[in-house]
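Report on the structure
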Amino acid sequence: MLIALPRLDGVESTTGLAEAVVRVGDMLRHRHGESAAPPVPLLPTKVDHEALLARAGDEICPHILLGLEERRLQPVAVDFGHHSHLLVFGDKECGKTATLRILCARSSGLRPQRKPNC
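Residues numbered from 1 in each chain as written. Predicted model: local features only at pLDDT ≥ 70, side-chain atom pairs only at ≥ 80, totals over all residues. Heavy atoms only, no water.

If you tally the helices and strands in the chain, you get three helices and two strands. Each helix (α) and strand (β) of the chain, taken in turn from the N terminus, gives the series α-α-β-β-α. Looking at the chain residue by residue over its 118 residues, the buried ones come to 20%. Summarising the internal contacts of the chain: among those between residues at least 6 apart in sequence, 35% fall at separations of at least 24. For the chain, the accessible area works out to roughly 9700 Å², and carbon and sulfur atoms hold 58% of it. (Helix = DSSP H or I, 4+ residues; strand = E, 2+ residues; numbered from the N terminus. Buried < 20%, exposed > 50% of the residue type's maximum accessible area, 1.4 Å probe, protein only. Contact = heavy atoms within 4.5 Å. Areas by Shrake-Rupley, 256 points an atom, 1.4 Å probe, with all protein chains shown as cover.)

Right under this line is the structure:
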C-alpha cells in the first residue's frame, strides 16, 4: 500500500520516482553539506557477563549486575535494598529470560560475582 509519494517536485505519479529521489538527495546535500545525524549506538547481540562485570565500576559491586543499560550502554545493576521491585520487559528475544537467570543465580548465591574486593 502506498500512502504518500516521497516526492518534493509536485509530480503526482510514481513515474520517475527513483530519479526524483536522487535529485532531492543531491539538493539536500548541496544545501546542508555532507553532515549527518550522529550514529545511534546499538546494543550488542551478546553480552559476556564476566567481561561486563570486569568493566563495571566499584559502585556496582554490592549490587546484582544485570546487563547493559539501553541508552548509555553502561553496566546496570539492581539494589533490592533500595528498590524492592523489579520489572523486566521488552520485545521477543531481547534478553528478558537471560536477565532473570542472572538475577536468580546471583541472588541464590550459585555464582557469586567474581570481581575482587566486592
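The next thing to look at is the nonpolar core. Judged by nonpolar contacts, Leu 52, Leu 53, Ala 56, Ile 60, Leu 65 and Leu 68 together constitute the single largest core of six residues. When residues of this core are traced back to their parent elements, those giving at least two are helix H2 (49-55) and strand E1 (64-68). (Core = buried A, V, L, I, M, F, W, Y, C linked by side-chain atoms within 4.5 Å.)

In this section: the environment of His 82. Along the chain, the position of His 82 falls in the loop between strand E2 (75-78) and helix H3 (96-108). Within the structure, His 82 has its side chain in polar contact with the side chain of His 83 (distance 2.9 Å). (Polar contact = N/O pair within 3.5 Å; in protein donor to acceptor, adjacent residues only side chain to side chain.)

Bringing the layout of surface pockets into the picture now. Its volume calculated, the largest pocket comes out at about 1100 Å³. Along its surface, the largest pocket is lined by 29 residues, and Leu 43, Leu 68, Cys 94, Gly 95 and Thr 99 are the ones closest to its centre. Contributions of two or more residues to the lining of the largest pocket are made by H2, E1, E2 and H3. For the lining of the largest pocket, a count of residues per class yields 16 nonpolar, six polar and seven charged. (1 Å grid on protein atoms, 1.4 Å probe; cavity = no way out; pocket = protein on both sides within 12 Å on 5 of 7 lines; lining within 4 Å. Points joined across faces, edges and corners; volume = space filled by probe spheres on them. Nonpolar A, V, L, I, M, F, W, Y, C, P; charged D, E, K, R; others polar.)

So, about the pairing of E2. Strand residues, when the strand is regular, have side chains that alternate between the two faces of the sheet. Pairing geometry for E1 and E2, over four bridges, is antiparallel. Its bridge partner being in E2, Gly 67 is matched across the sheet by Val 76. The hairpin formed by E1 and E2 contains six residues between the paired strands, and Leu 73 there has a positive phi angle of roughly 55 degrees. (Pairing = 2+ DSSP bridges.)

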